[in-house]
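# Report on the structure
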Amino acid sequence: MNLDLRLDTKGDFYSQRFQPTEREDTLVLNMGPQHPSTHGVLRILLEIDGEYILRAEPVLGYIHRMHEKMAEVMSYPQYLPNPGRTDYLHALAWNWAHVAAVERLMNIEVPERAEYIRVITCELNRISSHLLWWGAILLDLGAFTPIMYAFDDRERIQDIMQRNTGSRLTYCYYRFGGVAADIDDKFIEDTRTECARLKDRAKMFKDLVTDNFILRKRMEEIGEIPIDTCRRYGATGPVLRGSGQPYDVRRAEPYSIYDRFDFKIPAYDTCDSMGRYLVRMDEIQESIKIIEQALDTLPEGDYILPKAPKRPKPPAGDVYFAVEGARGKIGIHLVSDGGKSPYRLKLRAPGFSNLSLFSEVAQGTLIADAVAILASLDLVIPEIDR
Amino acid sequence: MIVKSLSETLSGMWSLLVGMKVTAVNFKSPQITVHYPRQVTNLDGYRGHIELVPSDEDPTKSKCIACSNCVRICPGACISLKASKPKKKAAPEKTDAPSTANEAQPESKKEAPPKKAKPELQSFVLDYNYCCLCGLCVESCPSGALRYSSDVYVAGFTRQEFVYDLLSRLQYQAQKKEQ
Amino acid sequence: MIEAIPTQFIIIFVGLLAIMAFVGLNAVVLVYLERKVAGFIHRRPGPYEVGPPCFPHGILQPLADGLKLVGKQIFTPRGADSFLFWLAPMISIAPAIVCFIAIPFGPYLQVINTNVGLILILAFTGINVLALCLAGWASQNKYGLIGAARDISQGVAYEIPLLLVVLSVVFMTGTFNLFDIADGQGAWPWQWYIVYQPLAFILFFICALAETNRNPFDLPEAESELTAGFHTEYSGMAFACFFLAEYAYMVVAACIIAILFLGGFQGPVAPGIWWFLAKVYVLLLIMIWIRWTFPRVRFDQLLNICWKWLIPLAVLNLLITLAVIAL
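So, how was this worked out
- Residues numbered from 1 in each chain as written.
- Chains lettered and ligands numbered in written order.
- Predicted model: local features only at pLDDT ≥ 70, side-chain atom pairs only at ≥ 80, totals over all residues.
- Helix = DSSP H or I, 4+ residues; strand = E, 2+ residues; numbered from the N terminus.
- Buried ≥ 20, exposed ≤ 12 C-beta atoms within 10 Å, placed from the backbone.
- Contact = placed C-beta atoms within 7 Å.
- Expected span 1.5 Å × (residues − 1).
- Nonpolar A, V, L, I, M, F, W, Y, C, P; charged D, E, K, R; others polar.
- Pairing = 2+ DSSP bridges.
- Axes fitted to C-alpha atoms, helices over the stretch in contact; angles between N-to-C directions.
- pLDDT = per-residue confidence, 0-100.
- Parallel < 35°, antiparallel > 145°, perpendicular 65-115°, else oblique.
- Left-handed = near helix turned anticlockwise from the far one by under 90°.
- Domains from an automatic or database assignment.

### Describing the overall build of chain C
Counting secondary structure elements, chain C contains 12 helices and 0 strands. Listing every helix and strand of chain C by position from the N terminus yields α-α-α-α-α-α-α-α-α-α-α-α. When the backbone C-alpha atoms are referred to their principal axes, chain C occupies close to 60 × 50 × 50 Å. Scored against the burial criterion, the 327 residues of chain C give a buried share of 50%. Put simply, 78% of the contacts in chain C that link residues at least 6 apart link residues at least 24 apart.

See below:
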């Protein structure tokens, strides 16, 4: 076999159909699916002129696991672990969207205590997701140390969550009509200590990273996403809030008991990477506020409905439920035909919309900036590919 | 303009020094990691693969009533169990259909009439390769016969090593405890 | 027979052997130091497990790393220019060793005391740029190519302020001889040139970071952007050569800073070699400390720092020095 033949074929399906510009002095660079800063198996085809990106095109599908199809062949409780595996960093929000969609279809009223537990755990999970993102973006910008400090706190949160959920990453904690296990005093106590600790750590994070000159130069006025670009692509979450629109599902379409808590929706109208960075850093503090309020007013009662359906068969009909995940609006559209498994389940992954605007934003930036923009979108590839 | 950019640069340099101070403080602070194989701190809440709970009378027997609830709910279809037909020929019309008899088991087994002999568990095999550790089997078990083990040291060379025969595991553990 | 060989040649030969041992040992120590410092900054123990109980705290870790690198397969990528591909690691490591022959480690510990010591070192460190360029070019890899391009522009740009800063010290002392420069300074810190040339010290330190490709200027091998930059395709000992060379250049840079600004081997009480090594290692520790603190700068920012700040400041520093000398 002549090995040299393979040199002549120009890449695979995508790179063959990647239309470069008319210029002849450009380089097509295949960034990913194995690349340190594509956060998993995202692949981006870049056409570069020197280090300037002329065209960028994300290629998806390397970790497509058919989560939507799986829902159609599994019964409702069997699908419970799946949503947590789409976005493994904010698994509980996905859990919540799935569980709440079924509950809404079946008109199940969740006990008060269960709602509080859901809020507390979901916000803890949001903090740990943002902490990991914080470490990861700095890793992409070349600083190694922050991710270790982030993991210090993240591990503590995981230890807390492990007590009642039993897992550390891909949680499967919410059930139809409540949660799987009650929280105990140690959980409450640990959560309070961790919240206080995170408030203290905020200063260190600010000193080490947020105020850092190099970082500010790398993030400020880089990757500007105007608000209409966000709207055109349906970007949500910190990406949208970093562009100045304080849209948060917890406030816009309040679900569960979020209307009882006092928290701010941070928004920065600088539209740049720094805006998105600051939104997330503020959100950690807002989540702490929510958790503390929820812990203060935690009612007694059942953690799950005593007559929660073990094998639910929702009536025929369709329902949409959206929750605010760490990356944006997580939506689940569930169509039931009255059977023991959904007729169709559509997962709306926020990362997918957020990634779509990348190819427009990345045009004309440097490779290093593209990496920073990609990181500032906070992508979780399994969620995008589903 | 020069003054402005100069002052910006100087404050920037100062922020770098502040950053270096943070890492210096952390350098001096005590370590927060645990030396894992020698120190294990957070295994108490760990949900490992499932294991059978021994019954109160006989530690080599399981509490399992072979109702197959776990088999049905498992998303990965990794549990398979076999049950013997009830030995006592109390109800011959039911012995020929053990599966329906299993399903007919009421949720509270103690109130079951004694003449309906319990099917005895013969094997309970967990294919850990496909398990996603969701814990739905434990929750669905009406007799509390399943629980999580804290077995974290799972490593092997072949897939077959992760197909656990939980009943023999239970018997082995019971024997070990006796010794 | 033995008289036929010039003494100078024997001295250089023995000196080079000693330097090779020193470079190797230094790399081992520095790898360990770097990983330990990183660990402590991250509040973890760093390497801890390698070695029997009589070697606690993972002291044997660098040796294990080295053994691993030696044992790995080395291969040439398909389509690579194999001659240049294999030449590059050699060009990278060889000048690094030669650089040390002009460095006075102590009052009596120097391979050749030459009048052009400083020029020799600056010339040989410049070859590293060529090595990295060849490595990136020859490996038939786009990341490698971009890494090489980055390294050239970075290396060439930062040579200029480096030389200007060196010049201002040279004008003060009137010699390129490293021994004389070190000898001209006194034993106590207030007699060192850092007191007379604080700006030059800072500029030189920044340039040294950039020349040795250390964070925050490690752009040619920027991990998150270019996977590994110019050495993407290198494995085993070929990679180890670049690695060794990087650490060797770090030591060279630290040595020059110590000699030019911190009095070299001068110091009270203890013998000179210990003072010299102490100063060098303090500087290396600061480099490591910086690496584990800051994010990486962007490429255009890196060049902006050089052209807009370092070169004007270096020129200014030189002019002030000249004015003071003239007065």
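Right, picking up where we left off after that structure.
### Examining helix α11 (residues 272–291) of chain C
Residues and elements named next belong to chain C. In this model α11 runs 29 Å from its N-terminal to its C-terminal C-alpha over 20 residues, within 8% of the 28 Å that 1.5 Å per residue would give. Listed in full, the buried residues belonging to α11 are G272, W275, F276, K279, V280, L283, L284, M287, I288 and R291. Among the structural elements, α1 (7–41), α8 (198–211) and α10 (236–261) are those in contact with the buried residues of α11.

### Side note on the interface of chain B and chain A
In this complex, chain B contributes 22 residues to the contact, which on the side of chain A involves 21 residues. For the side of chain B that touches chain A, the elements supplying multiple residues, two or more each, are α1 (2–28) and α5 (136–140) of chain B. Ranked by the residues each element gives to the side of chain B that touches chain A, the list is headed by α1(B), at 8 residues. Partitioned by chemical class, the residues of the side of chain B that touches chain A number 12 nonpolar, 8 polar and 2 charged.

### Examining the interface of chain C and chain A
Counting residues at the interface gives 24 residues for chain C and 28 residues for chain A. Where the side of chain C that touches chain A is concerned, the elements lending two or more residues are α5 (142–173), α9 (223–226) and α12 (299–326) of chain C. Looking at the side of chain C that touches chain A residue by residue, the classes come out as 9 nonpolar, 7 polar and 8 charged.

### Things to note about the sheet that holds strand β2 (residues 79–83) of chain B
Residues and elements named next belong to chain B. With respect to topology, 3 strands assemble into an open sheet ordered β2-β3-β5, the strand pairing being antiparallel. Sheet topology places β2 and β5 (163–165) at the edges, where each strand pairs with a single neighbour. Strand-to-strand twist in this sheet, taken as the mean axis angle between neighbours without regard to direction, amounts to 15°. Sheet topology places β2 next to strand β3 (residues 121–127); 5 bridges connect them, and they run antiparallel. Following the sheet pairing, A83 is matched in β3 by L121.

### Here's the deal with helix α5 (residues 91–106) of chain A
In a regular helix each residue adds 1.5 Å, so 16 residues correspond to 22 Å; α5(A) covers 23 Å between its end C-alpha atoms and thus fits that length. N107(A) occupies a position one or two residues after α5(A) and carries a positive phi of about 55°.

### What about the confidence of the model for chain A?
Counting all residues, the mean pLDDT for chain A is 85, and 96% of those residues have values of 70 or more. When the elements of chain A are averaged for pLDDT, helix α1 (residues 5–8) of chain A gives the smallest value, 41, and strand β7 (residues 329–336) of chain A the largest, 90.

### A look at the packing of α10(C) against α11(C)
Residue and element names in this part refer to chain C. At a minimum axis distance of 9 Å, the contact between α10 and α11 shows a crossing angle of 120°. Classified by the angle between their axes, α10 and α11 sit oblique to one another. Both α10 and α11 take part in a crossing whose hand is right-handed. The residues of α11 that touch α10, namely those facing M250, V251, A254, C255, I257 and A258, are F276, K279, V280, L283, L284 and M287.

### With respect to the environment of H231(C)
Residue and element names in this part refer to chain C. Relative to the assigned elements, H231 resides in the loop between α9 and α10. By the C-beta count within 10 Å, which is 27 here, H231 ends up buried. The contacts of H231, once residues within four sequence positions are left out, are A135, E221, F239 and F242.

### Overview of the sheet that holds strand β8 (residues 344–348) of chain A
Residue and element names in this part refer to chain A. Read from one edge of the open sheet, 3 strands run β6-β7-β8, paired in antiparallel fashion. Each of the sheet's edge strands pairs with one partner strand only, and the pair in question is β6 (317–324) and β8. Between one strand axis and the next, the sheet turns through 10° on average, direction left out of account. Pairing analysis gives 5 bridges linking β7 to β8, with the strands arranged antiparallel. Bridging from a neighbouring strand, V335 pairs with R344 of β8. The sheet strands contacting α5 are β6 and β7, and the helix crosses β6 at an angle near 145°.

### Details of the pairing of strand β2 (residues 43–49) of chain A
Residue and element names in this part refer to chain A. Among the 7 residues of β2, 6 are classified as buried, and the element is accordingly described as predominantly covered. Looking at chain direction, strand β1 (residues 27–31) and β2 are connected through 5 bridges and run antiparallel. Bridge pairing links M31 to I44 in β2. Note: β2 against strand β3 (residues 52–59), 7 bridges, orientation antiparallel. Looking across to β3, one finds that R43 is bridged to V59. Between β2 and β3, which follow one another and run antiparallel, lie 2 residues, and G50 among them has a positive phi close to 65°.

### Description of the domain arrangement of chain A
Residue and element names in this part refer to chain A. Each assigned domain of chain A is listed with its residue range as follows: domain 1 (2–59) and domain 2 (67–385). Once you take the C-alpha centre of each, domain 1 and domain 2 turn out to be 32 Å apart. With 7 residues, the top contributor of residues to the side of domain 1 that touches domain 2 is β3.

### Points about the confidence of the model for chain C
On average, residues of chain C carry a pLDDT of 84, and 99% of them reach 70 or more. Under the prediction, the complex receives an ipTM of 0.82, its pTM being 0.86.

### Overview of unusual backbone geometry
Peptide bonds are, in most cases, trans, and in most cases residues other than glycine have a negative phi. Although it is not a glycine, M66(A) sits at a positive phi angle of roughly 60°. Here M66(A) is to be found in the loop between β3 and α3 (67–73). Non-glycine residue N213(C) carries a positive phi angle of around 55°. With respect to the helices and strands, N213(C) occurs in the loop between α8 and α9.

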